[in-house]
Amino acid sequence: MKILQVNTEKTWRGGERQTYYNIQGFLQQGHEVELLCRKDFPLHQKAKELDINIHPVSNGLQAILYLLKHARYADIIHAQTASAQMYGVISSLVHKTPIVYTRRVDFVPSGFFTKLKYNRTDKLVAISSAIKAILENFEQTNITVIPDIANPKELNKDRATKLIHFRGWHNKKIIASIAALVPHKDPLTMVQAIYYLSQMRDDFMFLHFGEGTLQHEVEREIADLNVNRCYHLMGQVDNVEDFFSIFDVFVMSSQEEGLGSSVLDAFQYKVPVVSTNAGGLQEVVEGNGLLCEIKDAKALALSINEILNDADLKTAITENAFDAVQKKYSLETITNQYVETFESVKKKR
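Just so it is clear, the structure is predicted and the values come from calculations on it, not from any experiment.

**Side note on helix α8 (residues 187-200)**
Along an α-helix, residues three or four apart share an orientation, since each turn contains 3.6 residues.
Piece 1. The terminal C-alpha atoms of α8 lie 20 Å apart, and with 14 residues this matches the ideal 20 Å at 1.5 Å per residue to within 8%.
Piece 2. Every buried residue belonging to α8 is among P187, T189, M190, V191, A193, I194 and L197, and all of these are buried.
Piece 3. Looking at the packing, one finds that the buried side of α8 touches β8 (173-178), β9 (204-209), α9 (215-224), β10 (231-235), β11 (249-252) and α12 (297-309).

**Some details on the pattern of salt bridges**
Between side chains of opposite charge, a pair can form when the charged atoms approach closely.
Piece 1. Summed over the entire model, instances satisfying the criterion amount to 16 salt bridges.
Piece 2. The shortest N-O distance in the salt bridge between E139 and K115 comes to 3.0 Å. In this pair, E139 is assigned in the loop between α6 (129-137) and β7 (143-145) and K115 in helix α5 (residues 112-119), connecting sequence segments 24 residues apart.
Piece 3. Judged by relative accessible area, K115 falls into the partly exposed class, the value being 24%.
Piece 4. Residue K295 pairs with D186 through a salt bridge whose shortest N-O separation is 3.3 Å. One end of the pair, K295, is in the loop between β13 (290-292) and α12; the other, D186, is in the loop between β8 and α8, with 109 residues separating them in the sequence.
Piece 5. The partly exposed category is assigned to K295, whose relative accessible area is 48%.
Piece 6. The network of salt bridges with common partners includes R17, K153, R159, E241, D242 and D265.

**Observations concerning the pairing of strand β5 (residues 99-103)**
Piece 1. Burial analysis of β5 places 5 of its 5 residues in the buried class, which makes it a mostly covered element.
Piece 2. Burial of the side chains of β5 extends over both faces: I99, Y101 and R103 are buried on one face and V100 and T102 on the other.
Piece 3. With helix α4 (residues 82-95) bridging strand β4 (residues 76-79) and the parallel β5, this β-α-β connection has right-handed handedness.
Piece 4. As for the winding sense of the linkage, the β-α-β connection from β5 through α5 to strand β6 (residues 123-126) is right-handed.

**Comments concerning the sheet that holds strand β3 (residues 53-57)**
Piece 1. Within the open sheet, the 7 strands sit side by side as β3-β2-β1-β4-β5-β6-β7. Their pairing is parallel. Looking at the sheet topology across the chains shown, the edges are occupied by β3 and β7. Neighbour-to-neighbour, the strand axes of this sheet turn through a mean angle of 20 degrees, independent of strand direction.
Piece 2. In this structure, strand β2 (residues 32-38) lies alongside β3, joined through 5 bridges in parallel fashion. Along β3, the bridge assignment pairs L36 with H55.
Piece 3. Strand contacts of α4: β1 (2-7), β4, β5 and β6, with the helix running at about 170 degrees to β5, the strand carrying the most contacts.
Piece 4. With respect to the sheet, α6 is in contact with β5, β6 and β7, its orientation differing from that of β7 by roughly 170 degrees.

What counts, and where the lines are drawn
- Residues numbered from 1 in each chain as written.
- Predicted model: local features only at pLDDT ≥ 70, side-chain atom pairs only at ≥ 80, totals over all residues.
- Heavy atoms only, no water.
- Helix = DSSP H or I, 4+ residues; strand = E, 2+ residues; numbered from the N terminus.
- Expected span 1.5 Å × (residues − 1).
- Buried < 20%, exposed > 50% of the residue type's maximum accessible area, 1.4 Å probe, protein only.
- Contact = heavy atoms within 4.5 Å.
- Salt bridge = Lys/Arg side-chain N within 4 Å of Asp/Glu carboxyl O.
- Right-handed = clockwise from strand over helix to strand, strands pointing away.
- Pairing = 2+ DSSP bridges.
- Axes fitted to C-alpha atoms, helices over the stretch in contact; angles between N-to-C directions.

Here it is, written out as C-alpha cells:
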C-alpha cells in the first residue's frame, strides 16, 4: 500500500512526533510511505533519517498544488492535522484518493465549512474516546478510535545526569512537565500547583519543558508567587525523552487534551503521573496514575506530594501504567490498527 502522510506544521510537538512514528510503523510492515511536510522545519529535518520520499512545501497553496498533481498515485492520504485535512479535501475534487484524518485535539469544531470538510473525509480517526464523542456531537459517524503510539528509545541518561550535577540538584526530587506554554495546556495552573507544593515541602525542583505564547504570563506568575527557586522553564529541548531518566513525578495541568502522548512516555519509562482529567487524559491515566479536576491546583499539589511520600503507591501505579503502555500503545499494535482502517477505506472506495 502506498501511503501519503501529510503534516505541514512548523513545530515539533506530539502530532509531528506521532507522524514520524506512523511512518516508522508503516515502513516496518513493508508499505511505501511518502511525506508532504513544511520545508526546513523539524518534521522535514527529522524525516530525512528515514528511507522515504519527502515532498517539502513552503505554504498551504504549494501543498494543495502538490496534492492536485500527485495525490492520485497514493492509495491513502493520511492527514495528520486540520490543515492537512483541508488540503486533502480541496484537492480531492481532482485526485479522488481516500482521505483518513487523525484528530488529536479536543477543541469543539463548528461551522458549515468545517462540517463540509468532515463530511468529505472518508474516515476520521480519534485518538481517544473523548475526541470521538466530540465528533459524534458534530454529527459525524465514520469514526474509529486509534490512540497515539508509545515508542521507547534508548535514553541518554548521562545527558540528564549532567543537568543534575551542573545545577547542584543531587538531593532534590525532580518533578516535570512537557507541555507547550499555550492556553489549553493551562501552565498558569501548573505554576499555582507548584506554589502549593512549595508550602508542603522544599526538597524538589520543577522542570517545565516547552515554549509558547503564554511565556511572559507564566514568567510573571512564577515571580508573583515567588517560586523562582524551584520552578524552572527549560524551553524547547531536543530529545527531551532523555530527561525521563531523572523524573520522580510527571505532571499534566491541561484544561483540554486529546490524549497527552507525553504521558505515554512517562508510563514506559516508569515515571508516576499526576494529571488533570481533561479530554483523553482521563481514559489514559485512570488506573495508571492520579487524576485531578481541571484547574484544581491544590489537588495537583496534594497528589504530587502523595506520590513522593508513598513508595508503595508509586510502584503500584507505575507498574500498572507500564503494563498498559506495552499492551495498548505499542508501535506494532497501533500500526496494525491503522493498516486495517486504511484497507477498509480502500474497499469502500
